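A look at the structure
This is what each chain is made of:
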Amino acid sequence: MVERWEAIIAGDDDSVQALFTGRLRSMKKIFDEEALRYHEEGRRGKIEVVPTKSTVTQRDLSLAYSPGVAVPCLEIARNPIDVYRYTAKGNLVGVISNGTAVLGLGNIGALASKPVMEGKGVLFKRFADLDVFDIEIDEEDPEAFIATVKRLEPTFGAINLEDIKAPESFEIESRLQAEMNIPVFHDDQHGTAIISGAALLNALQLTGRKIEEAKVIFSGAGAAAIGVARLWVQLGVRKENMILTDSKGVIYRGRSERMDPTKEEFAAHTDRRTLAEAMAGADVLVGLSVAGIVSAEMLRSMAADPIVFALANPDPEIGYDEAKAARRDVIVATGRSDYPNQVNNVLGFPFIFRGALDVRATQINDQMKLACVHALAELAKEDVPDSVLKAYDRSELRFGREYLIPKPLDSRVLLRVPPAVARAAMKSGVAQQPIEDFHAYERRLERIISRRLDLMRDLKDRARSNPKRVVFPEGEHEKILRTAKILVDEGIARPILLARRERILPRLAELDLSEEAVEIIEVADARRSKRYAAELHQRRRRDGLTREAARDRIRSKNYFATMMVELGEADGLISGLTHNYSHTIRPALEVIGVGAGFQRVSGAFVLALKDRVLFLADTTVNIEPTAQDLAEIAIQTARLAKNFVRPRVAMISFSDFGSNTHPSARRMRRATAIAKQRAAELSLDIEIDGEMQADTAIVRSIMKADYPWSDLSDAANVLVFPELNSANAAYKLIWGLTDAEAMGPILLGMAKPVHVLQRSAEVTDIVNMATFCVVEAQMRGKSADEMEG
């Protein structure tokens, strides 16, 4: 039996090998069938054309086409630059191929390459909101191909060449770059160079090497390898420290077999003739060749802390696990998503084109490529958002040997790379339309990623103007520590962490967050705890709270934190990651209480939809509110909405302005009257009306057609529901059935800023809640100053 297991482990058992082979074939068959279904089911292929303007009425159609379309045509004829004003050219990329080098499939022809080109279009749209027409040209002659692509210049803002075999691809790209006045970029040449360049910079930093001293070996000398070598020279690698190899061995000076001008460019002065010989003592290996060409023994011959980029797909030159087994000190990157450090071109091309098109660049030059390299390298050193960790099913990602470059699904790449590329284009003189306001440009990019980011930008700017002290009772929680790092780095708030110092100091050091940047308070602090307990007893003794009970409660971090806020030793409080809602809110209600003029608190959600922002209340607190309660909820939510929009409050019912006399409808009518009176007393610049049905509230045409006399000037943006059931269901339905982004719940009506997190909150959510907290504290401070004045 032991011999049987040894044979299995060694792979010498024919029956076991046959079983594994059979399973692999079965898995491949299943995957292949799934891939075919993916492309065939529903609308065939992966892309469609969607109008960006209304086409509902006859007038719409007459504007979209004849006769209205003649007007922009004449304007463009008079002033050709207006093509960017009246058409989609400025956001349109041509993905063009002749199918001569498709993935690892070789020369399969233009027609068979179409699924790949459609897929490229999907990536442009998904990651950078760029539109694509894929063009497959059935032509292998470089001259004819160049002539065809040149004739497409009026159509596109930029050209992405794809899957064209070397060496023809070098001539095609260089000629088109020289002869066209729009960017032309061969991603197979430059994409891998850019992404691997970012990985190289960080790997060299981690291993303490200088780039000009690094000895770099290439396995492969095709378009991708030459592109990498050229860009790495721009980064600082010295050409004399490079050796390229191909299927015939080392590319050296004087070699005649299978040479061409691009290989001659990197022919080395060396007596080494094989890949194995070249690798001995090398610092870096770049594999852009074939699977399995590098052995463990070859890897062991490299210098200490070797850097290996084994980028052949789908199987690398040496497998990740094999490399790690051969050298514990090796840093490995591959082209595969199932291992760390995936070198994936999607980190580059969508964002490079975005930046190039946004300044109307005439080309994508070396300065723009290098800007992308450095932006990616720096982003890898920042804290990784929870959304990225969740996408990759990881609990943690930190800059290091297994995280050299950002993950492809990290949306922050869109906020870092295009501005860097645009600035480089402007600085190098190829930008025809320079960006004047990068702050506004970054907001535009944020809207591509998330409407929530755009909403929060102004609020964060306000918070930065006067950061306040925010106490976090759960100060030892990893998410809170990462939140504190962001709040400090962005200048949004001054975090106070309730935590044991020895527990969090090591993690603060890892986050590069100095102890001076945050305030750490231990609940076990006897003097502070004694003072807080005495104060709590003084306030609650006629509610049955004994001294001993007060001391017990202060041992709870939530009670401790609420006393800090109440006594002015913190400006706001955020908690709830590890406790349920009621457990978190109860101390705040007992210690801080509701605000002046209010009887209750309430909870609201903010929903950012594609074309509007909605504020829904009460979604969390009041189960069956009275008319007075509903009026308070309306005022509280309108005050929240004023941070973003001019509030238009609709009191929601199943009745429209008295159409039904049910008690629930009458209650909403009374609530509307009370809310209007309260708003007038408080001099709030808001609109309130009701009771009304939900469609009346949010569909402008219904309101204008049937109720033109309504006090709402446009569709409502604040929706107050008659009870918790309907409010909670409404927000969850909108959130679940649309692409709405939710923020909340936001606690309203407290005497001082207190906010309760959902237990599933991500770091981004906590940062947003802290921003709300700071701005609320600023407003309360301003009101207090005005009253004193």
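Only a predicted model underlies this, so the values are computations on that prediction, with no experimental measurement involved.

Thresholds applied
- Residue positions within a chain follow its written sequence, with the count starting from 1.
- In keeping with the predicted nature of the model, local features appear solely for residues at pLDDT of at least 70, side-chain atom pairs appear and are counted solely at 80 or more, and the whole-chain, interface and lining totals rest on all residues.
- The side-chain values count all of the structure's non-hydrogen atoms but skip hydrogen atoms and water molecules.
- Runs of E in the DSSP output that reach at least two residues are strands. Runs of H or I that reach at least four are helices, and both are numbered from the N terminus.
- Contacts were defined at the residue level, with two residues in contact if any of their heavy atoms lie within 4.5 Å.
- Areas reported here follow the Shrake-Rupley algorithm with a probe of radius 1.4 Å; residue values treat only the protein chains shown as occluding.
- All tallies of charge rest on Lys and Arg as positive and Asp and Glu as negative; His and the ends of each chain are not included.
- A charged residue contributes its charge at one atom only: NZ of Lys, CZ of Arg, CG of Asp or CD of Glu.
- Here a pair means two rings of Phe, Tyr or Trp (six-membered ring of Trp) with centres within 6.5 Å. Their orientation is stacked below 30 degrees between planes, edge-to-face above 60, and tilted elsewhere.
- Accessibility here uses a 1.4 Å probe with only protein chains present; expressed as a share of the type maximum, an area under 20% marks a residue as buried, one over 50% as exposed, and anything in between as partly exposed.
- When the NZ atom of lysine or the CZ atom of arginine is within 6 Å of a ring's centre and also within 35 degrees of its normal, the charge is said to sit over that ring.
- Patch criteria: residues need more than 30% relative accessible area and no salt bridge. Like-charged residues are merged within 9 Å; nonpolar side chains of Val, Leu, Ile, Met, Phe, Trp and Tyr are merged within 5 Å.
- Whenever Lys or Arg places a side-chain nitrogen within 4 Å of a carboxyl oxygen from Asp or Glu, that contact is recorded as a salt bridge.
- Site definitions follow a grid-based scheme: protein atoms alone, a 1 Å grid, a 1.4 Å probe that fits but cannot get out for cavities, and for pockets an open set with protein on both sides within 12 Å along at least five of seven lines, plus lining residues having an atom within 4 Å of a point.
- Grid points are joined across faces, edges and corners, and a volume is the space filled by probe spheres set on the points.
- When residue character is reported, Ala, Val, Leu, Ile, Met, Phe, Trp, Tyr, Cys and Pro are called nonpolar, Asp, Glu, Lys and Arg charged, and the others, Gly included, polar.
- We call two strands paired when DSSP finds no fewer than two bridges between them.
- Angular values range over 0 to 180 degrees, each being the angle between N-to-C directions of two axes fitted as lines to C-alpha atoms, with helices fitted over their stretch in contact.
- By definition here, a helix of n residues has an expected span of 1.5 Å times n minus one.
- The definition of a right-handed crossover adopted here requires that, viewed with the strands pointing away, the path from the first strand over the helix to the second runs clockwise.
- Roughly parallel here means an angle under 35 degrees, roughly antiparallel means over 145, roughly perpendicular means 65 to 115, and every remaining angle is called oblique.
- Note: crossing handedness is left-handed where the near helix turns anticlockwise from the far helix by less than a right angle, and right-handed where it turns clockwise.
- Here, nonpolar core means buried Ala, Val, Leu, Ile, Met, Phe, Trp, Tyr and Cys residues that are tied together by side-chain atoms lying within 4.5 Å of each other.

**Some thoughts on the overall build of the chain**
- Assigned secondary structure in the chain consists of 32 helices and 21 strands.
- With respect to the three principal axes, the spread of C-alpha positions in the chain is 95 × 75 × 60 Å.
- Expressed as a percentage of contacts within the chain between residues at least 6 apart in sequence, the contacts between residues at least 24 apart total 69%.
- A total accessible area of about 37,000 Å² is found for the chain, and carbon and sulfur atoms account for 51% of it.
- Here the chain contributes 106 positively and 114 negatively charged side chains, and the mean placements of these two sets differ by 5 Å.

**Some words on the packing of aromatic side chains**
- Tallying each qualifying case throughout the model produces 17 aromatic pairs.
- With 5.2 Å between their ring centres and 90° between their planes, F124 and F353 make a pair best called edge-to-face. One end of the pair, F124, is in helix 6 (residues 114-128); the other, F353, is in helix 15 (residues 349-358), and 229 residues separate them in sequence.
- Residue classification places F124 among the buried positions, given a relative accessible area of 0%.
- Ring geometry for F657 against W709: centres 5.0 Å apart, planes inclined by 70°, an arrangement best described as edge-to-face. Placement of F657 in the loop between strand 17 (648-652) and helix 28 (663-681) and of W709 in the loop between helix 30 (700-706) and strand 19 (718-720) is noted, with a sequence separation of 52 residues between them.
- Grouped by ring-pair contacts, the aromatic residues F124, F185, F349 and F353 constitute a single cluster.
- The ring of F598 has R678 lying over it, and the distance from NZ or CZ to the ring centre is 4.9 Å.

**Observations regarding a nonpolar patch on the surface**
- On the surface, a nonpolar cluster with roughly 310 Å² of combined accessible area is contributed by L103, L105 and I108.
- Structurally, the position occupied by L105 is in the loop between strand 1 (92-97) and helix 6.

**A look at the pattern of salt bridges**
- With the rule as written, the count across this model stands at 70 salt bridges.
- Its salt-bridge partner being R412, residue D410 comes within 2.6 Å of it at the nearest N-O pair. No difference in accessibility class separates D410 from R412, as the two residues are buried.
- Between E548 and R551 there is a salt bridge; the shortest N-O distance is 2.8 Å. Taken as a pair, E548 and R551 lie in helix 24 (residues 547-554) at a separation of three residues, close to a single helical turn.

**Some details on empty space enclosed by the protein**
- Overall, the coordinates contain two cavities of 30 Å³ or more when judged by the stated rule.
- In this structure, the largest cavity encloses a volume near 50 Å³.
- Around the largest cavity, the lining residues are Y84, G157, N181, I182, P183, A356, L357, R360, A361 and Q432.
- In terms of residue class, the lining of the largest cavity is made up of six nonpolar, three polar and one charged.
- Counted as a void, the second largest cavity has a volume near 40 Å³.
- Surrounding the second largest cavity, N98, T100, E140, I164, K165, E168 and I172 form its lining.
- Of the residues contributing to the lining of the second largest cavity, the split by class is two nonpolar, two polar and three charged.

**Thoughts on the sheet that holds strand 14 (residues 572-575)**
- If you walk across this open sheet you meet the five strands as 13-12-11-14-21, and the pairing is parallel. If you trace the sheet from one side to the other, it starts and ends with strand 13 (519-521) and strand 21 (754-756), each paired once. Here the average twist between neighbouring strands, direction ignored, is 20°.
- Sheet topology note: the strand 14/strand 21 ladder contains three bridges and is parallel. Among the inter-strand pairings, L573 is bridged to a residue of strand 21, identified as V754.

**Observations concerning helix 10 (residues 223-235)**
- Across its 13 residues, helix 10 extends 18 Å between first and last C-alpha, which sits within 8% of the 18 Å expected from 1.5 Å per residue.
- Considered for burial, the residues of helix 10 that qualify are A223, A225, I226, G227, V228, A229, L231, W232 and L235.

**A word on the pairing of strand 10 (residues 331-334)**
- Residues I331 and A333 line one face of strand 10 and the alternating positions V332 and T334 line the opposite face, and both faces are buried.
- Two strands pair when backbone bridges link them, and strand 9 (residues 307-310) and strand 10 are joined in this way by four bridges, in the parallel orientation. Pairing of A310 across the sheet is with T334, part of strand 10.
- Considered for its hand, the β-α-β crossover made up of strand 9, helix 14 (residues 320-326) and strand 10 is right-handed.

**Topic: the packing of helix 23 (residues 526-540) against helix 24**
- Closest axis-to-axis distance for the helix 23/helix 24 pair is 8 Å, and the angle between their directions is 125°. As summarised for this structure, helix 23 and helix 24 are arranged oblique, according to the angle between their axes. Like other packed secondary-structure pairs, helix 23 and helix 24 cross with a definite hand, here right-handed. Two secondary-structure elements touch here, helix 23 through S529, Y532, A533, L536 and H537 and helix 24 through R547, A550, R551, R553 and I554.
- Class assignment for the residues of the contact of helix 23 with helix 24 results in five nonpolar, two polar and three charged.

**A look at the nonpolar core**
- By size, the foremost hydrophobic cluster in this structure holds 84 residues, and its most contacted members are V216, F218, W232, M242, F309, F353 and M368.
- The biggest single contributor to this core is helix 16 (residues 366-379), with nine residues.
- Those residues in contact with W232 that lie beyond four places of it in its chain are A193, S196, G197, L200, V216, F218, V237, M242, V284, V286 and F309.
- Ranked by size, the runner-up nonpolar core spans 64 residues in total, among them A484, L508, V718 and V767.

**A short note on the packing of helix 15 against helix 18 (residues 413-427)**
- Taken N-terminus to C-terminus, the directions of helix 15 and helix 18 make an angle of 45°; their axes are 8 Å apart at the nearest point. Between helix 15 and helix 18, the interaxial angle falls into the category oblique. Here helix 15 runs over helix 18; the crossing is right-handed. Residues F351, I352, R354, G355 and A356 of helix 15 form the contact with helix 18, whose own contacting residues are V413, L414, V417, P418, V421 and A422.
- A per-class count over the contact of helix 15 with helix 18 returns nine nonpolar, one polar and one charged.

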